Amino acid sequence: MNFSAIFSDFKQLTKVGLSLSVVFSSLAGYLLAVDQIHVTTLILLAIGGYLMVGASNAFNQIIEKDTDALMKRTMNRPLPAGRMHVSMAMVVAVSFTILGLAILYSINPKSALFGAISIFLYTSVYTPLKAVTPLAVFVGAIPGAIPFMLGWVAATNDFSIEPGMLFLIQFFWQFPHFWAIAWLQFDEYKKAGFNLMPMGQKNKKAVIQIILYTVCLLIVSVIPVLKLTGNFYIYPATAIILVFLGGVMLFYAIKLYQNQTSKEARQLMLSSVLYITLAQIIYVVDKFLH
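Throughout what follows, the structure given in this document is the object of discussion. Small disclaimer: the values here were computed from a predicted structure and weren't measured.

### With respect to the overall build of the chain
Moving on, step 1. A tally of regular secondary structure across the chain gives 12 helices and 0 strands.
Moving on, step 2. For 290 residues, the compact-globule formula gives about 19 Å, and the C-alpha radius of gyration of the chain, at 19 Å, lands near that figure.
Moving on, step 3. The dimensions of the chain, computed from C-alpha atoms along their principal axes, are 55 × 50 × 30 Å.
Moving on, step 4. Counting over 290 residues, the chain shows a buried share of 51%.
Moving on, step 5. For the chain, restricting intrachain contacts to residue pairs at least 6 apart in sequence, the fraction spanning at least 24 positions comes to 72%.
Moving on, step 6. Put simply, the chain shows about 13200 Å² of open surface, and 69% of that area lies on carbon and sulfur atoms.
Moving on, step 7. For the chain, the distance from the average position of its 19 positive side-chain charges to the average position of its 11 negative side-chain charges is 8 Å.

In structure tokens, the structure reads:
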């Protein structure tokens, strides 16, 4: 038995890289909410968050096993490649769900509730909707936006304007990020029967949507400078930095509009990853400078 190969398949099934990025968002949200860090809660949030995302990814790959086999990018995943049986993947998905919910509930009930909402929407609504309509992206943006706000909820057991703003920031961010990926994978997605570009087209009209949502992201990212969002507020200098970082995304979105090539789509995708990572770090640093 090759344990290295099994572990590699397990990592692919639960999408370790994506799961860790989600955990990073949750921890950032937690740090924004607390004055004193409780290490136990931080560890439970990281483990519970990882398990919930890992479960969502496993369920997703179970549902999309046949379509994954049609795309070069996904055909070597454990299920379509035949290295793992569906029953084993289901054991992982269900175990992760139960354990993840239990851990989040041990932090507080609202954390478990939002974790449950996230996994339900991702697996039961977003995943099957992908084959039906590009509007699936809007549904998928909801569970995708929960991790950042989940950290705040884990720290406070409260959902109010502060975690609501964190949700909005990550919600609007996902559209330019995901549509850049959908542009790059347009032909591959088409093989599997997916068309996730806005209005189903890979053209300038689609890029106008990308630009609009990037502008919305810029606006919601700096709203906390107005001090209208409760305990979540930022310095003017922080807002300027965020506008600059968002401006990089906007620059590549405009370049994509002008040239409509994969090069600009890839640059937009990479700049969006850089933006959300740095923005969350900047928010936390700003908070501890107050």
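### What about the nonpolar core?
Moving on, step 1. By size, the foremost hydrophobic cluster in this structure holds 89 residues, and its most contacted members are Leu32, Phe178, Leu196, Phe232, Leu242, Tyr275 and Tyr283.
Moving on, step 2. The residues touching tyrosine 275, leaving out its near neighbours within four places in the chain, are Trp173, Leu217, Ser221, Leu242, Leu245, Gly246 and Met249.

### Some words on the packing of helix α5 (residues 86-107) against helix α6 (residues 109-129)
Moving on, step 1. Running from N to C, α5 and α6 cross one another at 150 degrees; their axes reach a closest spacing of 6 Å. Accordingly, the angle class assigned to the pair α5 and α6 is roughly antiparallel. On α6, the residues that touch Thr97, Leu101, Leu104, Tyr105 and Ile107 of α5 are Pro109, Ser111, Ala112, Gly115, Ala116 and Ile119.
Moving on, step 2. The residue inventory of the contact of α5 with α6, partitioned by class, reads 8 nonpolar, 3 polar and no charged.

### What to know about the environment of alanine 58
Moving on, step 1. Position of alanine 58 among the secondary structure elements: in helix α3 (residues 39-63).
Moving on, step 2. A residue is classified by how much of its surface remains accessible, and alanine 58, at 0% relative accessible area, is buried.
Moving on, step 3. Between the C-alpha atom of alanine 58 and that of leucine 270, which follows or precedes it by 212 residues, the distance is 25 Å.
Moving on, step 4. Contacts of alanine 58, omitting those with residues within four sequence positions, involve Leu13, Ala89 and Ala93.

Rules and cut-offs
- Residues numbered from 1 in each chain as written.
- Predicted model: local features only at pLDDT ≥ 70, side-chain atom pairs only at ≥ 80, totals over all residues.
- Heavy atoms only, no water.
- Helix = DSSP H or I, 4+ residues; strand = E, 2+ residues; numbered from the N terminus.
- Rg over C-alpha atoms; globule rule 2.2 N^0.38 Å.
- Buried < 20%, exposed > 50% of the residue type's maximum accessible area, 1.4 Å probe, protein only.
- Contact = heavy atoms within 4.5 Å.
- Areas by Shrake-Rupley, 256 points an atom, 1.4 Å probe, with all protein chains shown as cover.
- Lys, Arg positive; Asp, Glu negative; His and termini not counted.
- Charge placed at Lys NZ, Arg CZ, Asp CG, Glu CD.
- Core = buried A, V, L, I, M, F, W, Y, C linked by side-chain atoms within 4.5 Å.
- Axes fitted to C-alpha atoms, helices over the stretch in contact; angles between N-to-C directions.
- Parallel < 35°, antiparallel > 145°, perpendicular 65-115°, else oblique.
- Nonpolar A, V, L, I, M, F, W, Y, C, P; charged D, E, K, R; others polar.

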